[in-house]
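These are the residues of each chain, in order.
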Amino acid sequence: MSTPKAEGRAIRIAPSILAADFAKLGAEVRAAEQAGADWIHVDVMDGRFVPNISIGPLVVKAVRRHTELPLDVHLMIVEPDRYVADFVDAGADVVGVHVEACPHLHRSVETIKEAGARACVVLNPATPASHVESILGDVDQVLVMTVNPGFGGQKFIESALSTVSTIRGWIEERGLSVDLEVDGGITPETIGPAAAAGADVFVAGTAVFGMDDYKVAIDTLRRGARR
Ligand code: DX5
Ligand code: ZN
């Protein structure tokens, strides 16, 4: 099937606070909102599912007080079901769980929805699109990783884009309203191909918080996605 054009879909830019200055996180999040961010992306790492440790519900709760924007919480943790309610109580609007960490994926998705958040399922770059094919009608969002999760500032993995186009095809064929997000190595150069493959939500850590002017950074990404 032909790949639908990026035009016509709302482009959302979700700066990842992983690249922000954690010593002044409130100010960083407010600055991103002022600069035109659509969502705030929060990376939760447990040192087990990924080889790095980041933050937990306490930080989500602290960030919640500084912005009205949707908080898109990406759980890179084993046994995510155990913590879903804590993150929703802390203020998460979207909760993403990795299919590689969920032996009972449908139950995990229901756990998120019952807790009152939008449910997102996440695929590592080497995980086939087929792993979310049957659950697509039950989720609000799919996130395709374009780096191996665990660290910011890594190089975009181009081969993950075929997963994005396959999933975009299913969403269109079935007339679903599922957001399709990409995360990792998103820059003004890589965002265009990701948008052309069918993504409509773009996480960017280094390409926003690593820049001097967040507004210029976000505007440049948005333009890149429309090109
Ligand atoms: C990677 C995280 C990403 C990361 C993106 O494990 O899930 O959200 O913060 O950072 P950049 O945009 O720098 O690749
Ligand atoms: Zn992330």
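Everything here concerns the structure above.
Notes on the structure in this doc start here. In this text, all values refer to a predicted model and were calculated from it rather than measured experimentally.

1. Things to note about the side chain of T67
With respect to the secondary-structure elements, T67 resides in the loop between α2 (57-64) and β3 (71-76). Residues in contact with T67, not counting those within four places in the same chain, are V29, E33 and I40.

2. Considerations on the site of ligand 1
Around ligand 1 sit 20 residues in total, of which D43, G150, D183, G205 and T206 are the nearest. Interatomic distance of 2.9 Å between a side-chain N/O atom of S16 and an oxygen atom of ligand 1. Contact between ligand 1 and H74: an oxygen atom at 3.2 Å from a side-chain N or O atom of the residue. Its free accessible area being 380 Å², ligand 1 has 98% of it covered by the protein chains. Listing elements by their share of the shell around ligand 1, those giving two or more residues are β2 (40-45), β3 and β8 (201-204). No other element matches the three residues that β2 contributes to the shell around ligand 1. Looking at the shell around ligand 1 residue by residue, the class counts come to eight nonpolar, ten polar and two charged.

3. Quick look at the pairing of strand β6 (residues 141-145)
Of all five residues making up β6, five are buried, and the element is well covered by its neighbours. Of the two faces of β6, both are covered, the one formed by Q141, L143 and M145 as well as the one formed by V142 and V144. One ladder, built from four bridges, connects strand β5 (residues 118-123) with β6; its direction is parallel. When the sheet's bridge partners are listed, V121 is paired in β6 with V142. For β6 and strand β7 (residues 179-183), the ladder comprises five bridges, and the chain directions are parallel. Each bridged residue has a counterpart across the sheet, and for V144 the counterpart in β7 is V182. Each parallel crossover has a hand, and the one from β6 via helix α6 (residues 161-174) to β7 is right-handed.

Procedures and definitions
Residues numbered from 1 in each chain as written. Chains lettered and ligands numbered in written order. Predicted model: local features only at pLDDT ≥ 70, side-chain atom pairs only at ≥ 80, totals over all residues. Heavy atoms only, no water. Helix = DSSP H or I, 4+ residues; strand = E, 2+ residues; numbered from the N terminus. Contact = heavy atoms within 4.5 Å. Near = heavy atom within 4 Å. Polar contact = N/O pair within 3.5 Å; in protein donor to acceptor, adjacent residues only side chain to side chain. Areas by Shrake-Rupley, 256 points an atom, 1.4 Å probe, with all protein chains shown as cover. Nonpolar A, V, L, I, M, F, W, Y, C, P; charged D, E, K, R; others polar. Buried < 20%, exposed > 50% of the residue type's maximum accessible area, 1.4 Å probe, protein only. Pairing = 2+ DSSP bridges. Right-handed = clockwise from strand over helix to strand, strands pointing away.

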